[in-house]
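So you can see what is in the structure, the chains are spelled out below.
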Amino acid sequence: MAHIQIIIGSTRPGRVAKKITDWYMGKLELPAGSTIELVDLQDINLPFLDEAMPASMGQYQNEHTKKFAELIAKADGYIWVTPEYNHAPSPVLLNAISFLKNEWQYKPVAFVGYGAVGAARAIEHLVSVSSELQMVPLRERVWVNEPWANVTEAGEVTDFRGEPTGQVTELIRWANATKSLRS
Ligand SMILES: Cc1cc2nc3c(=O)[nH]c(=O)nc-3n(C[C@H](O)[C@H](O)[C@H](O)COP(=O)(O)O)c2cc1C
């Protein structure tokens, strides 16, 4: 049905991002026929944006950009997992997003945020970014509130809103509905 990528938006030593992503994946019952792939920006290890041309031109010069573009192009939709730094998404996630354009275009994106008030301010920022990329930002969110108090050492999450399976089900609906725009 659809191939989804879940992108971990923090590379900080001691990050809570991986625990939250693992928790989300553990709760998710993936609709039959669909696939989900973990994209960890820590492994991708992109530099600060170093392409001479704007991503919208699609003229990537660097091997790391071409490789990242090939990976991201494979998906029909995305889940961006973001912390909130200074009421904004993580710089590492925004940097990765900025490397590409056409690979994101005409695809839906769902948001998982964690922070005070579930990183709601960072998510609203990403809604605006995704809209400029001509993506479809989903209304269905998953928020983890105050992760410093509500994510245990073992990775259990004790205060959250939203529901991973419902969110991904809606993401797949949009991924299928937008397929004709991408052909
Ligand atoms: C630079 C920086 C700025 C932060 N600003 C906020 C903020 O504006 N709102 C918030 O709820 N938490 C803020 N925090 C706390 C983070 O929510 C918390 O450190 C969280 O664990 C970060 O995610 P990570 O561990 O996956 O990187 C900030 C943390 C850092 C490092």
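Right above here is the structure, for reference.
Residues numbered from 1 in each chain as written. Predicted model: local features only at pLDDT ≥ 70, side-chain atom pairs only at ≥ 80, totals over all residues. Heavy atoms only, no water.

Draft legend 1. Main features of the overall build of the protein. Helix and strand counts for the protein come out as 8 helices and 6 strands. For the protein, the N- to C-terminal ordering of α and β elements is β-α-β-α-α-β-α-β-α-β-α-β-α-α. Rg of the C-alpha trace for the protein: 16 Å, near the compact-globule value of 16 Å for 183 residues, within the 12% margin. With the principal axes as the frame, the protein shows a C-alpha extent of 45 × 35 × 25 Å. Total accessible area on the protein is roughly 8,800 Å²; 52% of this is exposed by carbon and sulfur atoms. Taking the 17 positively charged and 21 negatively charged side chains of the protein as two groups, their mean positions are separated by 2 Å. (Helix = DSSP H or I, 4+ residues; strand = E, 2+ residues; numbered from the N terminus. Rg over C-alpha atoms; globule rule 2.2 N^0.38 Å. Areas by Shrake-Rupley, 256 points an atom, 1.4 Å probe, with all protein chains shown as cover. Lys, Arg positive; Asp, Glu negative; His and termini not counted. Charge placed at Lys NZ, Arg CZ, Asp CG, Glu CD.)

Draft legend 2. A look at the nonpolar core. One finds I7, F68, Y78, W80, L100 and W104 to be the most contacted residues of the largest nonpolar core, which totals 26 residues. Residue assignment for this core shows that the elements contributing at least two residues are α3 (63–73), β3 (77–83), α4 (91–98), β4 (108–115) and α5 (120–132). A per-element tally of this core places α3 first, with 4 residues. Aside from chain neighbours lying at most four places away, what touches W104 is I7, I72, Y78, W80, A96, I97, L133 and M135. Formed by 23 residues, the second largest nonpolar core is a distinct cluster that contains I4, I79, V112 and L138. (Core = buried A, V, L, I, M, F, W, Y, C linked by side-chain atoms within 4.5 Å. Buried < 20%, exposed > 50% of the residue type's maximum accessible area, 1.4 Å probe, protein only. Contact = heavy atoms within 4.5 Å.)

Draft legend 3. Inspection of the site of the ligand at higher detail. Lining the immediate surroundings of the ligand are 14 residues, of which S10, R12, Y85, Y114 and A116 lie closest. A distance of 2.7 Å is found between an oxygen atom of the ligand and a side-chain nitrogen or oxygen belonging to S10. H87 places a polar main-chain atom, nitrogen or oxygen, 2.8 Å from an oxygen atom of the ligand. Contact with the protein chains covers 73% of the free accessible surface of the ligand, which is 620 Å². A molecule is said to occupy a pocket when more than half its atoms come within 2 Å of that pocket's grid points, and by this definition the ligand occupies the largest pocket. (Near = heavy atom within 4 Å. Polar contact = N/O pair within 3.5 Å; in protein donor to acceptor, adjacent residues only side chain to side chain. 1 Å grid on protein atoms, 1.4 Å probe; cavity = no way out; pocket = protein on both sides within 12 Å on 5 of 7 lines; lining within 4 Å. Sits in = over half its atoms within 2 Å of the grid points.)

Draft legend 4. Seen up close, the sheet that holds strand β2 (residues 35–40). An order of β2-β1-β3-β4-β5-β6 is seen for the 6 strands of this open sheet, with the pairing classed as mixed. Because the sheet does not close on itself, it has two edges, and the strands there are β2 and β6 (160–161). In terms of strand pairing, β4 meets strand β5 (residues 136–145) through 7 bridges, oriented parallel. Bridging across to β5, P108 finds its partner in V136. (Pairing = 2+ DSSP bridges.)

Draft legend 5. Representation of the environment of Y114. Mapped onto the fold, Y114 is located in strand β4. Exposure remark for Y114: the relative accessible area of 5% places this residue in the buried category. Sequence separation between Y114 and V142 is 28 residues; the distance between their C-alpha atoms is 8.5 Å. Once residues within four sequence positions are removed from consideration, Y114 is found in contact with S10, V16, A17, I20, V81, T82, P83, E84, A119, V144 and P147.

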